[in-house]
Structure formats: C-alpha cells, structure tokens
Amino acid sequence: MAFDVQEFKKEYQKKFEELFAYGYEAGSKTEQYIALGDLVRGLYSEDWIQTITEYNKKKEKQVYYFSMEFLPGRMLKSNLLNMGILDCVKQGMEDMGLDLDEVARAEVDPALGNGGLGRLASCFMDSIASTGLAGNGNGIRYRYGLFKQKFINGYQIELPENWLRNRNVWEVRKENKAVIVRFGGDVSFTQEDGDGRLRVRHENTRDILAVPYDTAQVGYNNGIVNNLRLWSAEIPYGDEARFSTEEQREEVKRITEVLYPDDSNYEGRLLRVQQEYFFSSAGIQSIVRYFKRLNLDWSLFPDKIAIHINDTHPTLAIPELMRILLDEEGLTWDQAWEITKKTVSYTNHTILQEAMERWPETMISDLLPRIYQIIQEINRRHIDKKTPLYGEELSQRTAIIANGQIKMANLAIIGSHSVNGVARLHTDILMADTLHDFYVMYPQKFNNKTNGITQRRWVQIANENLTAMLDETIGTEWKSDPEEIKILKAHRDNKMVLDKLEQVKLANKKRFAAYVEQEMGIEIDPTALFDVQIKRLHAYKRQLLNVLHILDRYLQLKDNPNANLQKRVFIFGAKAAPSYYYAKQIIKLINSIAYLINNDPSIKDKIKIVFVENYGVSLAELIIPAADISEQISLAGKEASGTSNMKLMSNGAITMATLDGANVEIRDNVGDDNIFIFGLKSDEVQEYYRNGVYNSRDVYDKNPRLKRILNLLIDGTIPGVETEGRDIFDSLVMYNDEYFLLKDFDGYLQAQYEADVAFSDRDRWNRMALMNIASSGPFSSDYTILRYADEIWKIKPQSGSKFN
Ligand code: NBY
C-alpha cells in the first residue's frame, strides 16, 4: 500500500479532529485508538469493495466458514501488518509523540469464543484471505463475549465481558442485508396451482430479524479483503406491535446476548439451539440470495458455494438448506439432497462424549417444526437405504434420531461430503473408534486436516524481537512462505545466532516479568526457566499433573533448601467453565499453592507460580514469546490437536508432551532430541479402559514419593483448600484417577528433570529452541487452509496469489 509517514500523520490528525473536534494530543488512549482504527478501515475499504466485486464478476466459487465462535484478538496491528503499513504507522505515531503499542492496547480483545475451536476459526480467516482464497466467515455477534475472569481469594469469579462498550471500529452494520429467521409456528400442506405438487404452509411463526455486521479480513500483502459476517438478533421493522411487552423484546435480544462459556460440555438448552439455528439460517439465506443473483441452474450450486461447519454447532445449516431448496425453490427431494451433500463439509474437534451435541426431539419439533420434519425424513431415508446394505444393527447405530434424541454429529456426517479430524492421531481415532460405524459406510468422506496457526499474529506481531532476528539471519522469505523458516537449521551450530536467540528470549521474558510485577505484584527472575501451560482448564488437559510436579520440587526444597534444582517460574493461564466444579477446584488449588510457595522464604525463589487472570488471545501474545517450556500433557487420545503447542514451538519453547493430538506430528518434525516425550500412548490408554486393570490406589500405595505429594492435598500443608484438597485427592486416589495422572507421574518427573539438565547447558537449550522454530513452518494455517481448499472445498487461490 502506497503510503508515507508524512501523509499518514496528516491523515491521522485530520481523522482525529473530525471525530472528536479537538487535537489528538488531548485525546484518551481509547480515542487515539478509535481514530487510528477508523482511518485504517477507510484505507482498506476500496480493496474490500474491489474484492467482493471481483468475486461476483468472475462468479468465483466461495467458501463460507460457519462457526459459533471466532477469537480474532485485537485487530489493529494485524490489519496494519497485513496491509503492509505497520512500520510506517509506527514511525508516524512515534513522530507525533504516540506509542503505537500503547494505543493498540486500548482496543478491546473480542472474546467471541471459548478456546481452540474459536481461535482456529480466526487463524483460518486470516489464512483464507492471505492465501488469496474467496472465503467468508459466518457467525454470531454476541453482545457479551466469554466472561472476564477474576480471582477472589483464589476462586474464579466470572464477570460479564461487555466488549462493545466502546465503539467497534471494524464492524459495518449492513441493514439492507438483514433476513428474517422464523421459529415455532404451524406447518401444513396444501395442493396449489393444480400441478400436483405439495406446498408447505408455515404460519404463525415467531419472526426474528437477523442483522449482519461485517468485518473485513485483510489478506497479507495481496490486496484481498474478505468478509466475516456476524449476525445480531433484532425485532423486525414494523413488527414492534407484536413485541409490545418488555419480556417479548428481551426474548429477541437474548438470542445473541451471550456466548456459552463451555468448551467441552454442550448445553442442551433451548436458547443454545436458538442461537445455532439463528446464525445457520441467516447464513444460508444470505448465501441463497447471493446464488440466485448469479442466475445459474440450481445444480450448479455446489460449483459456486462450499459451506464448512466448524464442529456440529452449525449443523442445522443442512436441514435449513434443504428447507429452502424444497419449500421455497421447489426442487425435488433428490435434487435438494444432492446439492446439500455436495455443498457441506464438517470438521470434528473432539471425541469427548460429553461434548457431542444431542437435542431432545420435542425441543426441535416445538421450536423448528419444519426443520424437524426434514430431519425425520433424512433419517428415514438413511435407514431405508442403509439397512439392506449394512444390516439392521449398524444402520440403527448411525441413526440421527434415537431414544427421543437428535444426534447432531450423525446429521452432520450424513448430510455432508467430507468429515475431517484436526490431527493425524485424532482422525485415526475417529475412523477406528469414535465414528467407526460411519467410516464403514462412508470411508471416502473421511480425511485429516492437521490444524495450523498463523505465524503473522503469533510470531510477527507477538514476537517482534524474534522477527527482527530471523529477518537478519535468514531473510524475509519465511513471512510469505512459512516453510522457508527451515533455512534457520543451517545455523544450529552458529554460536552467534544461538546467543542472539537467547537474548531475544530474555527480552521477551523481561517484558512478561514487567507485566507480572505490575499487575500481580509478583517478582520473577527472567533468567529462570519459564514453564508455561495455557489452555482451558479441563481434567483431561491435566493441569493437575503439572501441579504434582511443582509439589515434588517444593518437597525437595523443603527437605534440602540447597538442593541443586533449576530455578523455575510456572505460568498458568486458564478459564474454567462456570459450571465445571472440579475445574474450578483445581484453579483454587493452584492459586493456594502459588500463595504458599511464592511467600515461603525457604524456597528462595527457586519456584514461583504465576496464574494470570483472564487468559485470552492478548495475554497469549505476551506469554508465548516468553516461554521456555510448553506444557502439552493431556492424556493421550483426548486432545484432538491442540494449537498452543504450535504457537509455543514457533516461538522457541521446547514441548513437554504426551503423544497426543498434534504433539505427535510436532515430534516427527523436530525430532526426539528437541522435545520431551513421556507417558502412556493412546492405544495403551484404550487398552486400560477396555480391560479395566488400572488401580490408582495401588500406585499411591506403592510409590512413596507420589504418596507424600498427594498427602499434601489433605494434611493441611496448603492453606484454604480443605474441601478442594480432599475432593481432588479422592478423584485421584479413591475414584481411580480417570485421566491416569498417577500412572504418568514418574515419566513426567523424569522428563522434567531431563529438561532441567538441558536448560543448564545454554548452547544445547538454545539449539533446541532454534530447531523448534526452524521446524514450525509446516504448522502454518496457510498450508492447512490450502489443503482444505484443494481437497474439500475445491477452490483455488485467486490468480496473482503466490499460492495460485
Ligand atoms: O479445538 C478444541 C480441541 O480441544 C483442541 O484439541 C483443538 O486443537 C481445537 C481446534 O481444533 N476444541 C474446542 O475448543 N472446543 C470448543 O471450544 C467447544 C466449544 C463449545 C462446545 C464444545 C466445544 N459446545 O458444545 O458448546
């Protein structure tokens, strides 16, 4: 983008005065940020229009990524970077006496997602635009994002996250693109027009207006600006009389009021299914409206449109597309079904049974009577067709409706042409186990797409020090083609490069230490080993195993204050679902241990524990560049992929890992010398579950070191955790330790003490860090997205894109 510093300064001052009617010097940080954001939006608006016009003119096939969650992080610097004007703007701001980073921090981080699934959606949006693919996002404009987490007396407290309190400069309300979404009502059939065709009459519905808010997704240095469309629920214009009471108006607003804060347990509530249908229907309606403008035969729909559903939350898009094609466009069932299947594809993100969405039949039949009929018909035809081929039993196991419930994964698989897992191991488990019945029926639908991350945000923006060092050492090719970072391997024995890398890491650790000192009043030593576990709090992710290791160190130092142990800072960031009692108990436990150890003078700062409040994308950008160890210690088979593992690796942290999710592929890429692997393998876990011979009580009795640690939970050593300590102890010792922490404990300790040894050899450690960075290229979401485009969506990067 042609733009110089002088011009920028002039434009910025003008914009600020236009908005606030005084000079920028007197403005608040928020005002300074809003002026800059507004200016930036103006700068890409022409490309935004141009991109859409081009797609329309060329009748380009487009993908629509349907996701209940997006976690984009702050957008200012990301947009500046992708527009190629980050350095220019930084300089201009500095000239005007402003600090871009400080101004950027005034942006509220939109937390419209829970964790991995939502963040993946945002990495994908960035990669779709940056590889030059015609793609759009479709989701919900929640009024309140994921709750704001506070710790009070060590307990998690949830506060509402009003992310729209200031103006959102990036979104554009598109009132003219609003659609009506209908709930409830009566369905009847009539024979009209004498053509013998049944017409569906759907009357007395409750109509909600879906208003889209569009946000630009700026591609990296390629002039492409795609669209993310988020829907907001409103009362239809002219319909105010039907919503005369406050209660009725509240009911409408409630639909897009708040994000469900659970990343592992689906909520079988009416409001949740309303949300799901609301944005699925609105998205499908706007796609159909677009397609009709192209004036093509319906059979060409799948040649112009790909619809991807991010987990099962948008699955109602399938019967909704069927409904429109059948009832509104008059296609036959077979025509509509062919089109729907060819258009839709589905990603599975979990094998946890409690996360599998199932809706009571009556809930769907009351709320969405026509959709319910269509699901019934899909199910009936499925069973009729598959029973003669696969027999009664297998067919019934794959039924969409059973025992009064509607199984969304079954509908998603049957109604789509592609089902993918998010890491090799995860996809293998889906095919061999979780979705095996479907794999037998539809082997050709199954495929793997290992997750990825965008190094633009996670290295270029989050880690400017590393970026500068890489540019200096290997040139800038890696920025547009992440695989090129492998050139760095040539420097593995270059002492100067290794030292520089150490300096980069140290600078990042100092930056994080300053934050911790400022926000939490805890002093940490930037030369200590920073051991990081950042992810949602869940039993399967085993933050508790990390805790057991910390307690082991604690006991060693209590026994011998001069024990030769590597100084470590244990850093946690995690939100627990508000209704997840056990996860909240673990938070309280960690905070209590932190209090105990951080304030014990005999530990002499050999251990510090930092549990940051309100972990999210912005904090991740601060913590990840400062990490030495990346904790990826889920029970093998449970973590579908993980993506923080990739972000941390790209920033030179060494992974402490079980062979779970994408850790397996990370190990394949970095090699055994540059990762710490321990613990049960996935098939061993399976075997234990099957034959049931695991006895955690036995491990407790026979392992004195572990026994001593576990007893700390119940002997009063840790103040303030009488209930939590007892419950957690019981879960591990008395209720047979569902996630095999005790079984994996010895292996974990051994790997941790190996890490100590490695860390004390500075050259060795820096070389390991270098090898991790140099091997991280394949985990770019650019490649992941190109594989989706090529193998699932059948779309090609725009001509002119370097990926074309
Ligand atoms: O998706 C995560 C997986 O746990 C992680 O391994 C993977 O890397 C990531 C991206 O593929 N899953 C996840 O984040 N799931 C959710 O956030 C989620 C949210 C809501 C619901 C279920 C799961 N829900 O049922 O409401």
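Every value quoted in this text rests on a predicted model; they were computed, and no experiment measured them. (Residues numbered from 1 in each chain as written. Predicted model: local features only at pLDDT ≥ 70, side-chain atom pairs only at ≥ 80, totals over all residues. Heavy atoms only, no water.)

**Brief notes about the domain arrangement of the chain**
Item 1. As assigned here, the chain comprises domain 1 (59-74 + 109-451) and domain 2 (455-779).
Item 2. Listed per partner, the contact involves 43 residues of domain 1 and 44 residues of domain 2.
Item 3. Summed over both sides, the interface of domain 1 with domain 2 buries roughly 3,500 Å², with 50% coming from carbon and sulfur.
Item 4. Connecting domain 1 to domain 2 are three salt bridges.
Item 5. We note a salt bridge from aspartate 668 to arginine 424, for which the minimum N-O separation is 2.9 Å.
Item 6. If you look at where domain 1 meets domain 2, you find 22 residue pairs in polar contact (both at pLDDT 80 or more). (Domains from an automatic or database assignment. Contact = heavy atoms within 4.5 Å. Buried area = accessible area lost by both parts, 1.4 Å probe. Salt bridge = Lys/Arg side-chain N within 4 Å of Asp/Glu carboxyl O. Polar contact = N/O pair within 3.5 Å; in protein donor to acceptor, adjacent residues only side chain to side chain.)

**Digging into the nonpolar core**
Item 1. Core analysis: the largest hydrophobic core is formed by 143 residues, its most contacted members being Phe278, Phe512 and Trp793.
Item 2. Examining the composition of this core, we find that ten residues originate from one element, helix H8 (residues 270-293), more than from any other.
Item 3. Residues lining this core come from more than one domain, with at least three contributed by each of domain 1 (59-74 + 109-451) and domain 2 (455-779).
Item 4. Apart from the residues lying within four places of it in its own chain, the contact partners of phenylalanine 278 are Val181, Phe183, Ile208, Leu209, Ala210, Trp231, Ser232, Ala233, Ile255 and Thr256. (Core = buried A, V, L, I, M, F, W, Y, C linked by side-chain atoms within 4.5 Å. Buried < 20%, exposed > 50% of the residue type's maximum accessible area, 1.4 Å probe, protein only. Helix = DSSP H or I, 4+ residues; strand = E, 2+ residues; numbered from the N terminus.)

**So, the sheet that holds strand S19 (residues 568-573)**
Item 1. An order of S20-S19-S18-S21-S22-S23 is seen for the six strands of this open sheet, with the pairing classed as parallel. This sheet does not close on itself; its edge strands, each paired only once, are strand S20 (607-612) and strand S23 (676-677).
Item 2. Across the sheet, helix H22 (residues 581-598) lies against S19 and S20, angled at about 140° from S20, the strand it touches most. (Pairing = 2+ DSSP bridges. Axes fitted to C-alpha atoms, helices over the stretch in contact; angles between N-to-C directions.)

**What to know about the layout of surface pockets**
Item 1. A volume near 420 Å³ is recorded for the second largest pocket.
Item 2. Together, 23 residues line the second largest pocket, and Ile52, Tyr64, Asn136, Asn227 and Arg229 are the ones closest to its centre.
Item 3. Where the lining of the second largest pocket is concerned, the elements lending two or more residues are helix H2 (29-58), strand S1 (62-66), strand S2 (135-140), strand S10 (225-234) and H8.
Item 4. The greatest single-element share of the lining of the second largest pocket, amounting to six residues, is contributed by H8.
Item 5. Looking at the lining of the second largest pocket residue by residue, the class counts come to seven nonpolar, ten polar and six charged. (1 Å grid on protein atoms, 1.4 Å probe; cavity = no way out; pocket = protein on both sides within 12 Å on 5 of 7 lines; lining within 4 Å. Points joined across faces, edges and corners; volume = space filled by probe spheres on them. Nonpolar A, V, L, I, M, F, W, Y, C, P; charged D, E, K, R; others polar.)

**Observations concerning empty space enclosed by the protein**
Vacant regions in the atomic arrangement are exposed by a probe of water-molecule size rolled over the atoms.
Item 1. Tallied over the full model, the rule gives seven cavities of 30 Å³ or more.
Item 2. Of the volumes computed, that of the largest cavity is approximately 160 Å³.
Item 3. Lining the largest cavity we find 14 residues, and of these Met75, Ser78, Asp126, Gln217 and Arg457 sit closest to its centre.
Item 4. Those elements that place two or more of their residues in the lining of the largest cavity are helix H3 (76-83), helix H6 (116-130) and strand S9 (206-218).
Item 5. Ranked by residue count, the leading element in the lining of the largest cavity is H6, at four residues.
Item 6. Its residues assigned to classes, the lining of the largest cavity comprises five nonpolar, six polar and three charged.

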